[in-house]
Every structure is written in C-alpha cells, then in structure tokens.
Amino acid sequence: MAFDASSLPPDLFDTTTIISLLSTVAIVLAAYTASRAVLAPATSAALRFLFIWHLADALCHFILEGSFLYHCFFSYLEAGDSSSPIADLASLVPTPYNFLGHEDRRIYGPQAGGANPFAQLWMVYARADRRWAGADLGVISLELLTVFFDGPLAVYICYLIARRDPKASVWMIVLATCELYGGFMTFCPEWLTGNINLDGSNFMYMWVYLVFFNMLWVFIPLYAAWYGFSDISSAFAARAAKKNV
C-alpha cells in the first residue's frame, strides 16, 4: 500500500520542531568542544566519550528540564478569565487539585507558556507524550531530582574525569542508577495504564521522541555503570595482587 503523506500531522517538521531538535545537537557540540578544551590529549576514548555524555546530560537537565520546571511552577492561565486566550480548557492537560496551594482552576505548565521558546520546545515533545504539556505530579517529582541532583552530579563527574580522579567511576555508577530509575518511573505508569498519554502514531513521535531520546538515557547509563564497575573491579584486583606479593 502506498504511503499517504497527508495522514501525517501538518506540524511534524515545522520551524519549532526543527529548532527544538537542533537545540539538542547544540548541547552535544558544546559538550564536545568543552572536552577538547579541558581533557588531556592522552585521555582514553572511553573517558572522553563519558565526559561528553555527562556534560551534555547536565546541560540537558539544567537548560531543558529546568525550563520545564520553570513553566510548571510559574506559567499558568486563569480559567474563567475573560482575558485568557484559552476559551475551552477541555483540550489542555488539567492541573492537579490544590497544586502549589491553589484551589482555583489555574492551568500550569508549558501549555501556559505562550510564545516562550522553551515552552514551545516542550509542547513539541508533548505531541508524543502529553504529560509534558502540563503539570503532571509524577513528572515534576522526577524532574526536581533530575535537575537539582542528577545535573550537579553529572558536572561533578566531569570535574573528576578532567582531574583523572578515580572516584569518577563510583559516582558514574550512582548517577547511572538514578537515570535508569528515573526512566523506569517515567514510563511504568504509562505501561500500567495502556499508554493513554503517549502518541506513537507516526515515525517521528514513536521512534524519535519516545524511543530514541529516552533510550539514550538507558543504554549510555548502562555503559557508564559497566565502565565504572569494571574500573573498580580492576582496582580491587590490583590491590589483591599486591597483597599476595
């Protein structure tokens, strides 16, 4: 059967989407550039890769996910306000009752961010996972830990790698465990409820937004944990051999 391009969403490759995707490329390039500036030329390819990953990870947490938290806490629309651009709230992600102590019908999240570039970026991703359009309590709880714990820890790991400090292996395992747990807790509620908030109706939403971007935070943390475990195991083996001499 022939492919019907008319069945695809009209905003699949709009300007906002392209800029949003390019922002992730810019973060990776910034991390790579930093690695060239601060790492010794003799740094192994594995450690260089892990430095780039952890710095890009930190930048994503601080810039992108930090902006998500900002809109969840500070961007809102007043339901029933005649000046509000939203007349019908049925199409929006509802805000939990008493969120931030407000019992009224305030609508929080990137969906209330208007033309703000970061709000628009998250609304692009929300086409595949609508929870990121509003103030989902589970997502916010995870992102608070991600931004304020995982982000600083990723920067600290980069610092340790640059100083050739072996403690980097220990903290890489800790951070990898956090990232894997966060990913599981992000999607397990959806699996248990039939993926009601996810839209995998086309290649971009399913394989780029939901699979590719999220599986990066599965396979690379697994590699980081393996590297850290192998390095620590080698250190214990060397210590045991020294004792037996």
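Every value quoted in this text rests on a predicted model; they were computed, and no experiment measured them.

A word on the packing of helix α5 (residues 167–192) against helix α6 (residues 203–244). Look at α5 against α6: their axes get within 8 Å of each other, and the N-to-C directions meet at 150°. Classified by the angle their axes make, α5 and α6 are roughly antiparallel. Both α5 and α6 take part in a crossing whose hand is left-handed. Counted by class, the contact of α5 with α6 contains 16 nonpolar, three polar and two charged residues.

Moving on to helix α4 (residues 137–162). When the terminal C-alpha atoms of α4 are compared, their 37 Å separation across 26 residues agrees well with the 38 Å that a helix rising 1.5 Å per residue should span. At Thr-146, α4 is deflected by roughly 35°, the largest bend along its length. Capping the start of α4, Asp-136 holds a side-chain oxygen 3.0 Å from the backbone nitrogen of Gly-138, two or three residues further along.

The next point concerns the side chain of His-54. Among the structural elements, His-54 can be located in helix α2 (residues 45–74). Among the residues examined, His-54 registers a relative accessible area of 2% and is labelled buried. Filtering out sequence-adjacent residues up to four positions away, His-54 remains in contact with Ala-154, Ile-157, Cys-158, Met-172, Leu-175 and Ala-224.

The UniProt record annotates "transmembrane region" (unreviewed entry) at residues 12–33, 45–64, 139–162, 169–187 and 207–229. The distance from the first to the last C-alpha atom of residues 45–64 is 27 Å, and the span holds 100% helix and 0% strand.

Moving on, we come to unusual backbone geometry. Of note in this structure, Leu-100 is not a glycine but carries a positive phi near 60°. Here Leu-100 is to be found in the loop between β1 (76–78) and β2 (106–108). A relative accessible area of 41% means that Leu-100 is categorised as partly exposed. The residue Asn-195 is not glycine, and still its phi comes out positive at about 55°. Its location among the elements puts Asn-195 in the loop between α5 and α6. Looking at Asn-195, the relative accessible area reads 33%, which means it is partly exposed.

Under the defined criterion, the tally for this structure stands at 18 aromatic pairs. Ring centres of Trp-122 and Tyr-125 lie 6.1 Å apart, and the angle between their planes is 90°; on these two criteria the pair is classed as edge-to-face. Within this pair, Trp-122 and its partner Tyr-125 are both found in helix α3 (residues 117–125), separated by three residues, close to a single helical turn. Overall, the relative accessible area of 13% leaves Tyr-125 in the buried class. A connected cluster of aromatic rings, assembled from ring pairs, spans Phe-68, Trp-122, Tyr-125, Trp-132, Tyr-205 and Tyr-209. Between the NZ or CZ atom of Arg-106 and the centre of the ring of Tyr-76, over which it lies, the distance is 3.9 Å. Over the ring of Phe-187 we find Arg-131; its NZ or CZ atom is 6.0 Å from the centre of that ring.

The next point concerns the nonpolar core. Phe-68, Trp-122, Tyr-125, Ile-140, Ile-161 and Tyr-209 are the most contacted members of the largest nonpolar core, which has 44 residues in total. Mapped onto this core, the elements with two or more residues apiece are α1 (15–38), α2, α3, α4, α5 and α6.

For the rest of this paragraph, the subject is the environment of Phe-13. Take Phe-13: it is sitting in the segment before α1. Considered as a pair, Phe-13 and Met-204 are 191 residues apart in the sequence and their alpha carbons are 9.2 Å apart.

Glancing now at the pattern of salt bridges. Applying the stated criterion across every chain, the model contains four salt bridges. In this structure, Arg-131 engages Asp-129 in a salt bridge whose closest nitrogen and oxygen atoms are separated by 2.8 Å. Relative accessible area serves as the criterion here: at 6%, Arg-131 is assigned to the buried category. Measuring nitrogen to oxygen at the nearest pair gives 3.9 Å for the salt bridge that ties Glu-190 to Arg-131. Remark: Arg-131 occurs in the loop between α3 and α4 and Glu-190 occurs in helix α5; sequence separation between them is 59 residues.

Criteria and cut-off values
- Residues numbered from 1 in each chain as written.
- Predicted model: local features only at pLDDT ≥ 70, side-chain atom pairs only at ≥ 80, totals over all residues.
- Heavy atoms only, no water.
- Axes fitted to C-alpha atoms, helices over the stretch in contact; angles between N-to-C directions.
- Helix = DSSP H or I, 4+ residues; strand = E, 2+ residues; numbered from the N terminus.
- Parallel < 35°, antiparallel > 145°, perpendicular 65-115°, else oblique.
- Left-handed = near helix turned anticlockwise from the far one by under 90°.
- Nonpolar A, V, L, I, M, F, W, Y, C, P; charged D, E, K, R; others polar.
- Expected span 1.5 Å × (residues − 1).
- Bend = angle between axes of the 7 residues up to and from the residue.
- Polar contact = N/O pair within 3.5 Å; in protein donor to acceptor, adjacent residues only side chain to side chain.
- Buried < 20%, exposed > 50% of the residue type's maximum accessible area, 1.4 Å probe, protein only.
- Contact = heavy atoms within 4.5 Å.
- UniProt positions renumbered as here; feature names shortened; annotations may be inferred.
- Phe/Tyr/Trp six-rings, centres within 6.5 Å; stacked < 30°, edge-to-face > 60°.
- Lys NZ or Arg CZ within 6 Å of the ring centre and 35° of its normal.
- Core = buried A, V, L, I, M, F, W, Y, C linked by side-chain atoms within 4.5 Å.
- Salt bridge = Lys/Arg side-chain N within 4 Å of Asp/Glu carboxyl O.

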